[in-house]
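One letter stands for each residue in the lines below.
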Amino acid sequence: MDTEFETLLYGQQFKKFYEKMSNLITARYGLNKIEIEILLFLKQDGKDTARDIAETKYFSKAHISHAIEHLTKCGYLTGSPDAQDRRCIHLSLTGEAQPVCEELMKLRQGLMETIYRDITEEEKQVMCRVAGKIARNIDEELAKECKSESS
């Protein structure tokens, strides 16, 4: 496999860069990476349950539960039961979370500007389409694996 592509696919280089950029925020607010990702997810994605986070971010349910508990104690999240299914809790960002989220969004924007430097809009679109196909292929294989394990 092509070394540069493999490096991109594994994401270690990006992960290291992202951690370097986010360390200031994690230290300032006493949050960990998963908690930051949950805040960003709730700010951006329009989905609002722990299940949505697990399905999108691939974090373990235990990590999500601990993160939600900590974010709630910090005053950044509230939860309200779903009207039809009381077991389902919809998460909402509080006003106290807004400054943190603004900093995270600026961080994310700077990160994206850096990684997309010298990349044309057309190249970005191609990359997004290819990344979507790769993610779909991986999801399909993981789903097959889950089905064969449950059989």
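Quick notes on the rules
Residues numbered from 1 in each chain as written. Predicted model: local features only at pLDDT ≥ 70, side-chain atom pairs only at ≥ 80, totals over all residues. Heavy atoms only, no water. Patch = residues over 30% accessible without salt bridge, like charges linked within 9 Å, V, L, I, M, F, W, Y side chains within 5 Å. Areas by Shrake-Rupley, 256 points an atom, 1.4 Å probe, with all protein chains shown as cover. Salt bridge = Lys/Arg side-chain N within 4 Å of Asp/Glu carboxyl O. Helix = DSSP H or I, 4+ residues; strand = E, 2+ residues; numbered from the N terminus. Buried < 20%, exposed > 50% of the residue type's maximum accessible area, 1.4 Å probe, protein only. Phe/Tyr/Trp six-rings, centres within 6.5 Å; stacked < 30°, edge-to-face > 60°. Core = buried A, V, L, I, M, F, W, Y, C linked by side-chain atoms within 4.5 Å. Contact = heavy atoms within 4.5 Å.

1. Thoughts on a nonpolar patch on the surface
Side chains of Phe5, Leu8 and Met127 sit close together on the surface and give an oily, nonpolar patch of about 270 Å² of accessible area. With respect to the helices and strands, Leu8 occurs in helix 1 (residues 3–10). A residue is classified by how much of its surface remains accessible, and Leu8, at 54% relative accessible area, is exposed.

2. As for the packing of aromatic side chains
Going through the model one piece at a time under the given rule, you end up with one aromatic pair. Their ring planes at 15 degrees and their centres at 6.0 Å tell us that Phe14 and Tyr18 sit as a pair that is stacked. Taken together, the residues Phe14 and Tyr18, both in helix 2 (residues 12–29) and four residues apart, mark about one turn of the helix. For Phe14, a relative accessible area of 38% corresponds to the partly exposed category. Residue Tyr18 is classed as buried on the basis of its relative accessible area, which comes to 4%.

3. Looking at the environment of Asn32
Along the polypeptide, Asn32 turns up in the loop between helix 2 and helix 3 (33–44). For Asn32, a relative accessible area of 40% gives the class partly exposed. Spatially, the C-alpha atom of Asn32 lies 9.9 Å from that of His70, the residues being 38 residues apart in sequence.

4. Examining the nonpolar core
Grouped together as the largest cluster of nonpolar side chains are 26 residues, with contacts concentrated most on Ile38 and Leu39. When residues of this core are traced back to their parent elements, those giving at least two are helix 2, helix 3, helix 4 (50–57), helix 5 (61–73) and helix 6 (97–115). Top contributing element to this core by residue count: helix 3, with seven residues. Not counting chain neighbours up to four residues away, the residues in contact with Ile38 comprise Ile53, Ile64, Ala67, Ile68 and Leu71.

5. Some words on unusual backbone geometry
Positive phi outside glycine occurs at Tyr58, with the angle close to 60 degrees. Assignment of secondary structure puts Tyr58 in the loop between helix 4 and helix 5. Tyr58 gets classed as exposed once you look at its relative accessible area, which sits at 53%. Its identity is not glycine, yet Asp118 carries a phi of approximately 65 degrees, on the positive side. With respect to the element layout, Asp118 can be found in the loop between helix 6 and helix 7 (121–150). Owing to a relative accessible area of 75%, Asp118 belongs among the exposed residues under this scheme.

6. Thoughts on the side chain of Thr49
For Thr49, the position within the fold is in the loop between helix 3 and helix 4. The class of Thr49 is buried, set by a relative accessible area of 8%. Among residues more than four places away in sequence, those in contact with Thr49 are Cys88, Ile89, His90 and Leu91.

7. Here's the deal with the pattern of salt bridges
All chains considered together, the criterion is met by eight salt bridges. A salt bridge links Glu55 to Arg51, with the shortest nitrogen-to-oxygen separation between them at 4.0 Å. Placement of both Glu55 and Arg51 in helix 4 is noted, with a separation of four residues, approximately one turn of the helix. The exposed category is assigned to Glu55, whose relative accessible area is 52%. With a shortest N-O distance of 3.0 Å, Lys144 and Glu141 are connected by a salt bridge. Placement of both Lys144 and Glu141 in helix 7 is noted, with a separation of three residues, approximately one turn of the helix.

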